[in-house]
Structure formats: C-alpha cells, structure tokens
Amino acid sequence: MDTFLETYFPNVYDIQEEIVNSIWETLYMVSVTALIAGVLGILLGITLVVTEEDGILESRQVYNFLERAVNVFRSVPFIIMLALIAPITRLLVGTSIGTTAAIVPLVVGTVPFYSKQIQNALLEVDQGVIEAAEAMGSSPVEIIFRVYLKEGLPSIIRVSSVTIVNLIGLTTMAGAIGGGGLGNLAIARGYNRNQADVTLVSTAVILIIVFATQFIGNRLVKKTSH
C-alpha cells in the first residue's frame with residue numbers, strides 16, 4: 001500500500017497524518033454544527049409552522065418577523081457570511097480562523113436553510129390528523145410532539161440528510177479561508193501548491209462522507225415510514 005501511494009500519490013504519501021487530521025476536523029465541524037443547528041433549526045421550523053395563518057398558535061407578527069429573518073439570512077452567500085460575522089466569531093471563540101471558529105458561521109448559515117426544510121416537512125403532515133388532535137383536547141405542545149414530530153419523522157429525517165450534505169459543502173468553503181478540514185487541505189496544498197493528488201484524495205473523501213450520509217438517511221427514512 002505504501003509503495004502504491006508513494007508511486008501514484010507522492011504528495012499524499014508525505015502528508016498522511018495531515019490528511020487524517022483534516023478528515024477528523026471536517027467530521028468535527030459537521031457533527032458539532034449539525035447538533036447545534038439541528039436543535040435551533042427544528043425549534044425555528046416548528047415555530048414557523050404553528051404561528052402561520054391557521055396554525056395552532058397563529059401569530060402573524062411572529063411569523064412575518066421570523067420568515068423575513070430566515071429569508072434574509074438564506075439570501076446571503078456563505079462566503080460573504082463568513083466575513084460579515086467574523087467580529088461575532090472572534091467575540092465568541094477568540095479568533096475567526098480555525099476549525100472551532102468555523103462552527104459559528106456554519107451554524108448561522110445552516111439554521112435558516114434547515115428551518116425552512118423542517119417547515120416544509122411538517123406542512124406535509126395530514127391536516128386532518130391535527131384537527132382530530134385538537135378536537136380531542138390536545139394542547140399545542142402535545143400536538144407538536146405527538147402529531148407534527150411523530151407523523152413528520154420520515155420527512156424530518158429526509159430533510160436532515162439533505163441539510164447535512166449541504167453542510168459538508170459549506171465546510172469546504174470555510175476551509176478556503178482557514179477553517180481547517182478537507183476544504184482547507186484541498187486549497188492550501190492541492191491548489192496553491194499544485195498538488196493534484198491531494199485535491200483528488202480530499203475530494204474523494206468528501207464524496208465518501210456525502211454518500212455515507214445519504215445512505216444512512218435513506219435507511220432511516222425507510223425504517224420510520226409507515
């Protein structure tokens with residue numbers, strides 16, 4: 001194996017430890033961001049659903065404010081978002097460069113996208129089931145947990161998988177400005193130093209992570225569908 005790498009991927013062979021470290025950095029960014037953005041996105045998505053017109057907690061003021069805020073943040077290109085919130089990132093983690101620092105803009109960039117995905121997923125829940133729960137005297141909290149989240153689980157898993165794939169792409173952009181991970185490796189070594197084998201391997205690993213995410217998501221959707 002070492003002979004094969006040294007022959008066909010000489011630059012990769014020289015930085016094997018750095019590649020492994022970059023893979024862990026990418027997985028770290030994706031997992032931590034997915035956890036934080038997942039909680040915030042679900043809360044925001046639920047709020048959008050229940051406060052919209054004819055929602056179980058209808059509130060035009062709350063809905064209009066949140067929808068506009070989400071649409072504004074979704075409209076800002078992520079690479080610009082990185083620069084815009086750099087002062088906030090430095091305030092929170094002490095620096096705007098590095099793997100941990102990249103999590104702040106990644107969360108800000110992911111939450112609006114994910115919340116809209118959650119909103120769309122929950123809107124697929126049969127309105128008749130919601131009305132039946134209301135008729136039985138279920139409280140808004142009970143409807144959210146027992147109807148929206150339970151009945152919408154397959155759709156929630158599906159959009160979560162899509163969001164994680166999108167998040168993996170964002171980590172590569174974060175790497176372009178020193179965020180670490182495979183994106184940083186592909187740019188700093190593969191592109192800037194003209195090491196095509198490093199770029200190739202970095203891309204291949206990113207694709208493997210994406211395919212694994214999609215596979216797991218599809219299996220979970222099948223198991224929870226009824």
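Being a predicted model, the structure only gives us computed values, none of them experimental.

What counts, and at which threshold
- Residue positions within a chain follow its written sequence, with the count starting from 1.
- The predicted nature of this model means local features are confined to residues of pLDDT at least 70 and side-chain atom pairs, given and counted, to a pLDDT of 80 or more, with totals for whole chains, interfaces and linings taken over all residues.
- Only hydrogens and water are set aside when side-chain values are computed; all heavy atoms of the structure are taken into account.
- For helices the rule is a DSSP run of H or I covering at least 4 residues; for strands it is a run of E covering at least 2, with both sets numbered from the N terminus onward.
- Contacts are assigned to residue pairs that have any heavy atoms within 4.5 Å of one another.
- The protein chains shown are the only cover counted for residues, whose accessible areas, like all others here, come from Shrake-Rupley with a 1.4 Å probe.
- Exposure categories follow from relative accessible area, calculated using a 1.4 Å probe and restricted to protein chains: below 20% of the type maximum is buried, above 50% is exposed, and the middle band is partly exposed.
- Lines fitted to C-alpha atoms define the axes, with helix axes restricted to the stretch in contact, and inter-axis angles between N-to-C directions lie between 0 and 180 degrees.
- We call two directions roughly parallel when the angle between them is under 35 degrees, roughly antiparallel when it is over 145, roughly perpendicular when it lies between 65 and 115, and oblique otherwise.
- Each residue is assigned to one of three groups, with Ala, Val, Leu, Ile, Met, Phe, Trp, Tyr, Cys and Pro labelled nonpolar, Asp, Glu, Lys and Arg labelled charged, and all others, Gly among them, labelled polar.
- Residues form patches when they are more than 30% accessible in relative terms and have no salt bridge. Like charges link within 9 Å. Nonpolar side chains (Val, Leu, Ile, Met, Phe, Trp, Tyr) link within 5 Å.
- The salt bridge definition used is simple: a Lys or Arg side-chain nitrogen within 4 Å of an Asp or Glu carboxyl oxygen.
- Under the counting rule used here, the positive set is Lys and Arg, the negative set is Asp and Glu, and His together with the chain ends is not counted.
- Charge coordinates come from a single atom per side chain, which is NZ of Lys, CZ of Arg, CG of Asp or CD of Glu.
- pLDDT: the predictor's confidence for each residue, scored from 0 to 100.
- UniProt positions are given in the numbering used here, feature names are shortened, and annotations may be inferred rather than shown by experiment.
- Handedness of a crossing follows from how the near helix is turned relative to the far one, being left-handed for an anticlockwise turn of less than a right angle and right-handed for a clockwise one.

*Asks:* Could you clarify how one ought to interpret the overall build of the protein chain in this entry?
*Replies:* Looking only at helices and strands, one finds 12 helices and 0 strands in the protein chain. The secondary structure elements of the protein chain, listed N-terminal to C-terminal, are α-α-α-α-α-α-α-α-α-α-α-α. Seen through its C-alpha atoms, the protein chain measures out along the principal axes to roughly 70 × 40 × 25 Å. Considering only intrachain contacts with a sequence separation of at least 6, the fraction spanning at least 24 residues in the protein chain is 71%. When the accessible surface of the protein chain is split by element, carbon and sulfur atoms take 63% of a total near 12,500 Å².

*Asks:* Is there a simple way to explain helix α11 (residues 181-191) in this structure?
*Replies:* Because an α-helix packs 3.6 residues into every turn, residues spaced three or four apart end up facing the same way. For α11, the set of buried residues is Gly181, Leu182, Gly183, Leu185, Ala186, Arg189 and Gly190. Lining the buried residues of α11 we find α3 (16-51), α10 (153-175) and α12 (196-224).

*Asks:* Is there a simple way to explain the packing of α3 against α11 in this structure?
*Replies:* What describes two packed helices is the angle between their axes and the distance between those same axes. The interhelical angle for the contact between α3 and α11, taken along N-to-C directions, is 135 degrees, at an axis separation of 6 Å. Relative to α11, the element α3 is oriented oblique. For the pair α3 and α11, contact is made by Glu18, Ile19, Ser22, Ile23, Glu25, Thr26 and Met29 and by Gly181, Leu182, Leu185 and Arg189, respectively. Of the residues that constitute the contact of α3 with α11, the class distribution is 5 nonpolar, 3 polar and 3 charged.

*Asks:* I'm lost on a negative patch on the surface in this one. Help?
*Replies:* Taken together, Asp126, Glu131, Glu134 and Glu151 make up a surface patch of like negative charges. Inspection of the secondary structure assignment puts Glu131 in helix α8 (residues 127-135).

*Asks:* Where do I start with the side chain of Thr51 in this structure?
*Replies:* Along the chain, Thr51 falls in helix α3. Residue Thr51 is classed as buried on the basis of its relative accessible area, which comes to 7%. Among all residues touching Thr51, those that are not within four sequence positions of it are Leu57, Glu58, Ser59, Arg60, Val62 and Tyr63.

*Asks:* Any chance you could explain the environment of Arg189 here in plain terms?
*Replies:* As for its position among the elements, Arg189 is in helix α11. Residue Arg189 is classed as buried on the basis of its relative accessible area of 16%. Considered as a pair, Arg189 and Thr199 are 10 residues apart in the sequence and their alpha carbons are 7.7 Å apart. Apart from residues lying up to four places away in sequence, Arg189 is in contact with Ile15, Glu18, Asn184, Asn194, Gln195 and Val198.

*Asks:* Would you mind showing me how to read unusual backbone geometry here?
*Replies:* What you tend to see is this: most non-glycine residues have negative phi, and most peptide bonds are trans. We note that Asp54 has phi near 70 degrees; this positive angle belongs to a residue other than glycine. Owing to a relative accessible area of 64%, Asp54 belongs among the exposed residues under this scheme.

*Asks:* What is the right way to look at the confidence of the model for the protein chain in this model?
*Replies:* Predicted coordinates in regions of low pLDDT should not be interpreted in detail. Taken residue by residue, the protein chain gives an average pLDDT of 89. The fraction at 70 or more is 96%. Across the protein chain, α3 holds the top mean pLDDT of 94, while helix α1 (residues 2-8) sits lowest at 67.

*Asks:* Would you explain a nonpolar patch on the surface in this entry?
*Replies:* On the surface, a cluster of nonpolar side chains totalling about 460 Å² of accessible area is made up of Leu35, Ile36, Val39, Leu40 and Leu43. Secondary-structure assignment places Val39 in helix α3.

*Asks:* Could you clarify how one ought to interpret the UniProt feature "transmembrane region" (unreviewed entry) in the protein chain in this entry?
*Replies:* According to UniProt, the "transmembrane region" (unreviewed entry) feature falls on residues 27-50, 71-89, 95-114, 156-178 and 198-217. A helix fraction of 84% and a strand fraction of 0% characterise residues 71-89, whose end C-alpha atoms lie 22 Å from each other. Within the segment residues 198-217, helix and strand shares are 100% and 0% respectively, and the terminal C-alpha atoms sit 29 Å apart.

*Asks:* Can you walk me through the environment of Leu200 in this structure?
*Replies:* Relative to the helices and strands, Leu200 is located in helix α12. Here Leu200 falls in the exposed class, since its relative accessible area comes to 52%.

*Asks:* I would appreciate a short explanation of the packing of α11 against α12 in the present structure.
*Replies:* At their nearest, the axes of α11 and α12 sit 8 Å apart, and the two run at 165 degrees to each other. Compared by their axis directions, α11 and α12 come out roughly antiparallel. Viewed along their axes, α11 and α12 form a crossing whose handedness is left-handed. Contacts between α11 and α12 pair Leu182, Leu185, Ala186, Arg189, Gly190 and Tyr191 from the former with Ala196, Val198, Thr199, Ser202, Val205, Ile206 and Ile209 from the latter. Tallied by class, residues from the contact of α11 with α12 come to 9 nonpolar, 3 polar and 1 charged.

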